[in-house]
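Structural overview
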Amino acid sequence: GQQVMQIPQYQHVQEGEDFTTYCNSSTTLSNIQWYKQRPGGHPVFLIQLVKSGEVKKQKRLTFQFGEAKKNSSLHITATQTTDVGTYFCARPGGYNKLIFGAGTRLAVHP
Amino acid sequence: DAGVTQSPTHLIKTRGQQVTLRCSPKSGHDTVSWYQQALGQGPQFIFQYYEEEERQRGNFPDRFSGHQFPNYSSELNVNALLLGDSALYLCASSPRDSGQFFGPGTRLTVL
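First, a word on what this report is: a plain description of the structure on this page.

Reading the values: rules and limits
- Residues numbered from 1 in each chain as written.
- Chains lettered and ligands numbered in written order.
- Predicted model: local features only at pLDDT ≥ 70, side-chain atom pairs only at ≥ 80, totals over all residues.
- Heavy atoms only, no water.
- 1 Å grid on protein atoms, 1.4 Å probe; cavity = no way out; pocket = protein on both sides within 12 Å on 5 of 7 lines; lining within 4 Å.
- Points joined across faces, edges and corners; volume = space filled by probe spheres on them.
- Helix = DSSP H or I, 4+ residues; strand = E, 2+ residues; numbered from the N terminus.
- Nonpolar A, V, L, I, M, F, W, Y, C, P; charged D, E, K, R; others polar.
- Buried < 20%, exposed > 50% of the residue type's maximum accessible area, 1.4 Å probe, protein only.
- Pairing = 2+ DSSP bridges.
- Contact = heavy atoms within 4.5 Å.
- Buried area = accessible area lost by both parts, 1.4 Å probe.
- Axes fitted to C-alpha atoms, helices over the stretch in contact; angles between N-to-C directions.
- Disulfide = S-S within 2.5 Å.

**Let's talk about the layout of surface pockets**
Roughly 390 Å³ of internal volume is contained in the largest pocket. In this structure, the largest pocket is lined by 22 residues; those nearest its centre are A:Gln37, A:Thr86, A:Arg105, B:Gln37 and B:Gly40. Put simply, the parts of the chain that give the lining of the largest pocket at least two residues each are β9 (85-92) and β11 (104-109) of chain A. If one sorts the elements of the lining of the largest pocket by residue count, β9(A) sits on top with three residues. Tallied by class, the residues present in the lining of the largest pocket amount to nine nonpolar, 10 polar and three charged.

This is the structure:
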């Protein structure tokens, strides 16, 4: 199946700054999922987006699914040190198989 | 309610050896998927088990095999270990059409 491309690969921010990671696919997606993996930890499911143009919020996190269902973004407002980790988007690959992007590693400097 | 559990947490093997990793899915989940995550990369799908059958497989050689038991728990077996098999092996369980719940993983080091 087609991979999903994530940018940037790394992002360093000062605490309080905003952060955005982008996920792009060459094909239309039925849904997109986002996961967070803390250093030394395992991926933790954040959200699934299904509808074209969908926007969902979880506290300081805002997730968007593009109108064409080919791209998605995760935006964090006013980052905190607890936001540190790698954020992955993942597309479905049949049944419950997931195809992950390479991830965006976020570092937050206090 | 326990989440996904995996054992062991860490394992060191030498080239050519065989390894078995174990996973118990979250209560109520009948589908188990295995992923390999190399350092600095995203998880790569190995295979998925449902109703004790391998339902889908990623691009991994036959050295990687698995099993699912009637209680939905699962094993991942890797034969003839190579240095490149060193990675974090993640088990994930899920209900249908939803996000997956990952276990803490097994860190395999092949020397």
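**Focus: the pairing of strand β5 (residues 44-50) of chain B**
All names here are of chain B. Burial runs high along β5: six of the seven residues are buried. Note that strand β4 (residues 31-37) and β5 share six bridges and pair antiparallel. The residue of β5 that forms the bridge with Tyr35 is Phe45. In this structure, β5 lies alongside strand β6 (residues 53-57), joined through four bridges in antiparallel fashion. Bridge pairing in β6 places Tyr50 opposite Glu53. Linking two consecutive strands that pair antiparallel, namely β5 and β6, is a turn of two residues; a positive phi of about 50° is found at Glu51 within it.

**Describing the interface of chain A and chain B**
Taken together, the contact between chain A and chain B spans 19 residues of the former and 23 residues of the latter. Across the chain A/chain B interface, buried area totals approximately 1600 Å², and carbon plus sulfur atoms make up 51% of it. Contact with chain B buries area across many residues of chain A, yet A:Tyr95, A:Asn96 and A:Lys97 alone supply 36% of it, more than any other trio. Of all the secondary-structure elements, those providing two or more residues to the side of chain A that touches chain B are β4 (32-37), β5 (44-49) and β10 (98-100) of chain A. Counting residues per element, the side of chain A that touches chain B draws most heavily on β4(A), which supplies three residues. Residues that form the side of chain A that touches chain B fall into these classes: eight nonpolar, nine polar and two charged.

**Some remarks on the sheet that holds strand β1 (residues 5-7) of chain B**
All names here are of chain B. If you trace the four strands from one edge of the open sheet to the other, you get β1-β3-β8-β7, paired in antiparallel fashion. Only two strands of the sheet have a single partner each, and these edge strands are β1 and β7 (64-68). Each strand axis lies, on average, 20° off the axis of its neighbour in the sheet, ignoring direction. Of the pairings in the sheet, the one linking β1 to strand β3 (residues 19-24) comprises three bridges and is antiparallel in character. Bridging from a neighbouring strand, Ser7 pairs with Arg22 of β3.

**Concerning the sheet that holds strand β8 (residues 71-76) of chain A**
All names here are of chain A. On the basis of which strands lie adjacent, the open sheet formed by five strands has the order β1-β3-β8-β7-β6 and antiparallel pairing. Either end of the sheet is taken by a strand with one partner, and the two such strands are β1 (5-7) and β6 (55-58). Within the sheet, the average angular offset between the axes of one strand and its neighbour, ignoring direction, is 15°. Of the pairings in the sheet, the one linking β6 to strand β7 (residues 61-65) comprises four bridges and is antiparallel in character. Paired with Lys57 across the strands is Thr62, a residue of β7.

**Remarks on the state of the cysteines**
Scanning the entire structure with this criterion turns up two disulfides over all chains. With its sulfur 2.0 Å from that of its partner, A:Cys23 forms a disulfide with A:Cys89. Handedness here is read from the sign of the S-S torsion; for A:Cys23 and A:Cys89, about 75°, the answer is right-handed. Highlighted residues: A:Cys23 in strand β3 (residues 19-24) and A:Cys89 in strand β9, separated in sequence by 66 residues. Per residue, the accessibility class of A:Cys23 equals that of A:Cys89, and both read buried. With a sulfur-sulfur separation of 1.8 Å, B:Cys23 is cross-linked through a disulfide to B:Cys91.

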